Amino acid sequence: MPREACGVLGTEDEGRVVFLAGWVHRIRDLGGITFVDLRDQSGLVQLVFRNIPEAHDLSLEDVIRIKGTVRRRESPNPKLPTGEIEVWVEELEILSKSKALPFPVDSDEPRANEETRLRFRFLDLRRERMQRNLRLRHKICLSIRNYLSERGFIEVETPYLTRSTPEGARDFLVPSRLEPGKFYALPQSPQLFKQTLVISGIERYFQIVRCFRDEDLRADRQPEFTQLDLEMAFLEDPDELFTLIEGLVAHVFREAIEVELEVPFPRIPYAEAMLRYGTDKPDLRFGMEIVDLSEVFRGCGFRVFAEAVERGEVIRALPVPGAAGRSRSELKRLEDRAKELGLGGLVWAKYENDAINSPIAKFVGEELLRRAAEEANAEEGDLLLLAAGPAEKVAEALGALRVELARELDLIPRDSWALAWIVDFPLFKLDEEGRIASEHHPFTSPHPEDIPYLETDPLRVRARSYDLVINGVEIASGSIRIHRRDLQERILKLLGLTEEEAREKFGFLLRALEYGAPPHGGIAFGLDRLVMMLAGESSIREVIAFPKTATGACPLTGAPAEVSEEQLRELHLKIELGDGARP
RNA sequence: GGGGCCGUGGUCUAGGCUGGACUAGGACGCCGGAUUGUCACUCCGGAGAUCGCGGGUUCAAAUCCCGUCGGCCCCGCCA
């Protein structure tokens, strides 16, 4: 007789003889009668043992198989889906014993530190919450595949052993045995391959694909992570993609967590996001919008502000609702935090009891502060935080304060979703050495109107790129690509690559662009982050079956590990440990 | 590369600031016993840690100092 799922048994099965198998989830041994909650993938059911002495020998997490009869319960358990019934066991077979557990697996909250959980990941994953997360991940992937497949997209795999490309993150390298001294690199993303596929006539490509970046880890960053990668031919207007992706995301939210999203999502130009929220990934679940008050304070009696405006710097204000009652020491703490964030200082103004209280009131007058409040939409009972300095620095610092204070004041509504497109990113930025670098990547198409400024004023050139932001988290990023070789070469030259370098690194793409490349564009989602958010988790490690620790190690397998001399010899490698490096 | 928090029986944790009755306490788990309607079963008894590791200060270190290893969070980094 085949075994059946235990978690779906109900009163309709009353009287049936069933064969069940699974793990011993809980044991309640009352002497003459023993209750065991049996767990399999489908859920739990209560087993009843009478006159079966072996039942007293069961341990948590033993794997057993039973034959029994479904009976209606004398006292049902409303907490269990199968709580109306129980199974009276007639035959018990212990398939596999379990040692005493390092931590309980019947708890939703992890009862061990993360390293222990990862070392015993096979047990940690038995916990219902982790099973739920992995199931949710599967559901999301399935709904993505169904949605895209129905719209003519096909999933194509691209190589993991590929060539190293300049720029971007550090590559993971794989030594070549057949070509001594040469290396493959694991892809940071399938960017060039997907563009090549579209040029190859795969007009609608997608892939749920692993990507590798050898950078330091974070709660939302792993060295290997998964992208939903997507590319379409004849995409010239980002709006076409936005509509498709809005449909996709709404579909995923509906299928995975039964949430109806409003479409279309707002579209916010990068410059506006930086001004109003101090970041290119604004959390729109709450207000507290930053306002530029440079003109209000131009020539005012507070010299620090007046001089900053003269220098071309900015004065900006962050309204903090209901925070006028803050104590001096709390305000001091805010100022210290502002300095940590790179500001010279922080000026506050309290709007309380129809009066204005601020250390700069005597310099600028109440009238000016009243105007500031009006512009910043600060009301009775609010606090206004004012900062002066270079636009970028002020934006970034106030943006950080905005999020921190909103959290602190509990202004972020729970179970709410705020999605938005950020558009019109600059094409270039300056790197640490002051050189021109891509903001997105070198294959991003410049905004057609701005192409004339490529050489003359590159930092002013807007890109046809876009990010999708959910609740203040960057969840997807993409662009319309360059599909003409001359423009692509121009951009690579601007980035400081010689023609020779360009041909060596990106030759295959440049060549492909010469043989009838359609206009195209696409987007890539951080799938782990998306699943994390939908699962309500705060680390992507909770939605990855076998993640790595902050040092890139895997406590389960012990990776990374040393290899044998023989392996090194075959790969023509010699290990030389420099200062500070340990074997 | 830098900053912060943490490391105590199998697991989670109290104690640490202010060193001495800490002979390191509790909970869960484990072992033995009792228990025929429990569902986080209950009750009785028991075993189990030289406090991550190394060094230092001190009459005395889980506690203070230095180093080191490991974990977590953040900055840098992540086209």
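See the structure above.
Residues numbered from 1 in each chain as written. Chains lettered and ligands numbered in written order. Predicted model: local features only at pLDDT ≥ 70, side-chain atom pairs only at ≥ 80, totals over all residues. Heavy atoms only, no water.

1. Regarding the packing of helix α9 (residues 328-340) against helix α12 (residues 391-408)
(1) Moving on: For the pair α9 and α12, interaxial distance at closest approach is 11 Å and the crossing angle is 145°. Regarding α9 and α12, the two cross each other, and that crossing is right-handed. From α9, Arg333, Leu334, Arg337 and Ala338 reach across to α12, where they touch Leu401, Glu404, Leu405 and Glu408.
(2) Moving on: Looking at the contact of α9 with α12 residue by residue, the classes come out as four nonpolar, no polar and four charged. (Axes fitted to C-alpha atoms, helices over the stretch in contact; angles between N-to-C directions. Helix = DSSP H or I, 4+ residues; strand = E, 2+ residues; numbered from the N terminus. Left-handed = near helix turned anticlockwise from the far one by under 90°. Contact = heavy atoms within 4.5 Å. Nonpolar A, V, L, I, M, F, W, Y, C, P; charged D, E, K, R; others polar.)

2. Points about the environment of Val24
(1) Moving on: Mapping Val24 onto the fold places it in strand β1 (residues 17-29).
(2) Moving on: Given the relative accessible area of 0%, Val24 is considered buried.
(3) Moving on: Taking the C-alpha atoms as reference, Val24 lies 6.4 Å from Arg39; in sequence the two are 15 residues apart.
(4) Moving on: Residue contacts for Val24: discarding those within four places in its chain leaves Val36, Asp37, Leu58, Ser59, Leu60, Glu61, Asp62 and Ile64. (Buried < 20%, exposed > 50% of the residue type's maximum accessible area, 1.4 Å probe, protein only.)

3. Digging into the side chain of Glu542
(1) Moving on: Position of Glu542 among the secondary structure elements: in the loop between α15 (527-535) and α16 (565-570).
(2) Moving on: Within the local environment of Glu542, its side chain forms a polar contact with the side chain of Arg117, the two groups lying 2.9 Å apart. (Polar contact = N/O pair within 3.5 Å; in protein donor to acceptor, adjacent residues only side chain to side chain.)

4. Points about the protein's contact with RNA strand B
(1) Moving on: As a matter of local geometry, RNA strand B sits amid 48 residues, with Asp29, Arg50, Glu86, Pro102 and His440 nearest to it.
(2) Moving on: The sugar-phosphate portion of RNA strand B accounts for 53% of its atoms within 4 Å of the protein, the bases making up the rest.
(3) Moving on: Take Ala219: an N or O atom from its main chain is 3.4 Å from a phosphate oxygen of RNA strand B.
(4) Moving on: Between a base nitrogen of RNA strand B and a side-chain N or O atom of Arg221, the distance comes to 2.8 Å.
(5) Moving on: Listing elements by their share of the surface near RNA strand B, those giving two or more residues are β1, β5 (85-96) and α1 (114-119).
(6) Moving on: At four residues, β1 tops the list of elements feeding residues into the surface near RNA strand B.
(7) Moving on: Residues belonging to the surface near RNA strand B are distributed by class as follows: 13 nonpolar, 15 polar and 20 charged. (Near = heavy atom within 4 Å.)

5. As for the packing of aromatic side chains
(1) Moving on: In total, this model carries 13 aromatic pairs according to the counting rule given.
(2) Moving on: With a centroid separation of 6.5 Å and 85° between ring planes, the pair formed by Phe103 and Phe120 is classed as edge-to-face. Note that Phe103 is positioned in the loop between β5 and α1 and Phe120 in the loop between α1 and α2 (121-124), a separation of 17 residues in sequence.
(3) Moving on: Note on Phe103: relative accessible area 3%, which makes it buried. (Phe/Tyr/Trp six-rings, centres within 6.5 Å; stacked < 30°, edge-to-face > 60°.)

6. A few points about the nonpolar core
In summary, soluble globular proteins display a tendency toward joint burial of nonpolar side chains.
(1) Moving on: Counting 45 residues, the largest nonpolar core has Ile140, Leu230 and Ile245 as its most contacted members.
(2) Moving on: Per-element accounting of this core gives the leading share, 10 residues, to helix α5 (residues 238-257).
(3) Moving on: Leave out the neighbours within four places in its chain, and Leu230 touches Leu148, Phe153, Lys194, Tyr205, Phe206, Leu241, Leu244, Ile245, Arg481, Gly522 and Ile523.
(4) Moving on: Formed by 28 residues, the second largest nonpolar core is a distinct cluster that contains Val296, Cys300, Ala317 and Ala373. (Core = buried A, V, L, I, M, F, W, Y, C linked by side-chain atoms within 4.5 Å.)

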